[in-house]
Amino acid sequence: MSKTVAPLKKRTFLEWARSRDGQKVFVMIAFMVIPLVLLFTFTYLPFAEMFGFSFYKMKYVGERKFVGLKNYIKVFERDDCFGALKLSLYYMAGSIVQLALSLYLATVLSFKVKGGNIFKGFMFFPYLINGIAVGFIFKFFYTRGFVFDTVLQWCGFQLDNLPYWLKDQRINNISLVATSVWRYFGQNMVLFIGAIMSVDSELYEAAMLDGANKFQQFIYIILPSIKTIITLNVILSITGSLSAFEPPYVITDGANGTGTYFVVMHEIAHTQQKVGLASAMAIILLLIIFVATILQKLFFKYVFKNAEDEDINAAVRREKKLARAAARKAGR
């Protein structure tokens, strides 16, 4: 005799909500909704408000006057607005030096070096210091007759022959860029070390058996293996150079031609209270960073292009060719 299976009783919504499955769903929704609400409240909503402000001539308090795209046109017409972006070239050049230095040190420290962990700690420590504190440290470091000048005098230089590191417009931006390099190269170095340590050690052994020296191992093993981290660090460094703020603001307050785009925007927004113009500057900077990021990704896509690494379909095509060749050989 066959036994009849009783149909499953459908649970009500309340019963399902009290069950373990329902509680899992509610927990997942809660963990998903709460971050999204916070992100919308503190990121997307203020950005939408700022985008709306960019079309008005307004202060923080008072009447608003709709001016359309005039604020965006003023950004390109005023030398202190769009012209300040030229200073980003100094910080971009500094970011290249920073990346080269961090990659070199990361390559050295990723192998067995005496006291390597101590060096890593010392080099990463500046990144942990607050940016305002770093600014005050280097403000006194570069002051005439203070730390840097004293060290140079110990090396035989005369104080009268030394430039004013924060006043001379031929050297002050380079001095500020050096501050950024000192602070951030440790972060890039740690990221590079993590990527290099993940490279399979058997590749080094095989390369050594083939007679490859350390430089050749770096070129043909390390660089292709860490290209993703290199791309990430370059993008972060370039976008960071476009939005440099702390060194020029804290050390020189934007004086003597050191006012970057962010410093000028801060002055216009909070000192002059031209909120609409400052909002337009922020939107333009966002678009510039967005375009720069896309161009960098396209650049690295072709610089690091590898027949089988970057092209996902390359391996599939190769297998098909081998299969066709094997079939023709079997047919003979």
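What counts, and where the lines are drawn
Numbering of residues begins from 1 in every chain and follows the order in which that chain's sequence is written. Totals for whole chains, interfaces and linings use every residue, but because this is a predicted model, local features are given only for residues with pLDDT of at least 70 and side-chain atom pairs only at 80 or more, for both listing and counting. By convention in this description, side-chain values take in all heavy atoms of the structure and omit both hydrogens and water. Summary of the burial criterion: residues with accessible area below 20% of their type's maximum are buried, those above 50% are exposed, and those between are partly exposed, where the area comes from a 1.4 Å probe applied to protein chains only. A helix here means a DSSP run of H or I that spans at least four residues, while a strand means a run of E at least two residues long, and both kinds are numbered starting from the N terminus. Surface patches are defined over residues having more than 30% relative accessible area and no salt bridge, joining like charges when they lie within 9 Å and nonpolar side chains (Val, Leu, Ile, Met, Phe, Trp, Tyr) when within 5 Å. Note that accessible areas follow from Shrake-Rupley with a 1.4 Å probe, and for residues the cover is restricted to the protein chains shown. When a carboxyl oxygen of Asp or Glu is within 4 Å of a side-chain nitrogen of Lys or Arg, the pair counts as a salt bridge. Within this scheme the basic residues Lys and Arg register as positive and the acidic residues Asp and Glu register as negative, but His and the chain ends are omitted. Where a charge sits is defined by one atom per residue type, namely NZ (Lys), CZ (Arg), CG (Asp) or CD (Glu). Note on definitions: a residue-residue contact is assigned when non-hydrogen atoms from the two residues lie within 4.5 Å. Within 6.5 Å between ring centres, the rings of Phe, Tyr and Trp (the latter by its six-membered ring) count as paired, and their orientation is classed by plane angle as stacked under 30 degrees, edge-to-face over 60, tilted in between. To form a nonpolar core, buried Ala, Val, Leu, Ile, Met, Phe, Trp, Tyr and Cys residues must be joined to one another through side-chain atoms within 4.5 Å.

Visitor: Sorry if this is basic, but what is going on with helix H13 (residues 261–271) here?
Guide: Three or more residues of H13 are buried, namely Tyr261, Val263, Val264, Met265, Ile268 and Ala269. Positive backbone phi, at 60°, marks Gln273, one or two positions downstream of H13.

Visitor: Can you help me understand a positive patch on the surface in this one?
Guide: A surface patch of positive charge is lined by Lys57, Lys65, Lys70, Lys74 and Lys274. Among the secondary structure elements, Lys65 is positioned in strand S2 (residues 65–66). What makes Lys65 exposed here is its relative accessible area of 54%.

Visitor: Quick question: what am I supposed to make of the environment of Met58 here?
Guide: Structurally, the position occupied by Met58 is in the loop between strand S1 (56–57) and S2. Met58 gets classed as buried once you look at its relative accessible area, which sits at 9%. C-alpha of Met58 to C-alpha of Leu277: the two residues are 219 residues apart in sequence and 8.6 Å apart in space. For Met58, the residues in contact, after removing those within four places along its chain, are Phe53, Glu63, Arg64, Gln273, Lys274, Val275 and Gly276.

Visitor: Can you help me understand the packing of aromatic side chains in this one?
Guide: Where two aromatic rings form a pair, the distance of their centres and the angle of their planes describe that pair. This structure, assessed with the given rule, holds 15 aromatic pairs. Their ring planes at 45° and their centres at 5.7 Å tell us that Phe124 and Tyr127 sit as a pair that is tilted. A residue pair is termed a helical-turn pair when its members lie 3 or 4 positions apart in one helix, as Phe124 and Tyr127 do in helix H5 (residues 116–128) at three residues. Where Phe140 meets Phe146, the ring centres are 6.4 Å apart and the plane angle is 35°; that geometry is what we call tilted. Phe140 gets classed as partly exposed once you look at its relative accessible area, which sits at 48%. An aromatic cluster is present here, built from Phe138, Phe141, Tyr142, Phe148, Trp165 and Trp182 joined pairwise through their rings.

Visitor: Quick question: what am I supposed to make of the nonpolar core here?
Guide: In globular proteins that are soluble, nonpolar side chains generally tend to be buried together. Counting residues in hydrophobic clusters, the biggest one holds 24 residues, and the most contacted among them are Met189, Phe192, Ile226 and Ile230. If you list the elements that add at least two residues to this core, you get helix H4 (88–109), helix H8 (172–197), helix H9 (201–209), helix H10 (214–225) and helix H11 (227–242). In terms of residue count, H8 provides more of this core than any other element does, six residues in total. Core analysis: the next-biggest nonpolar cluster, separate from the first, contains 21 residues, Leu85, Leu242, Tyr261 and Ile284 among them.

By themselves, these observations are geometric and do not establish any function.
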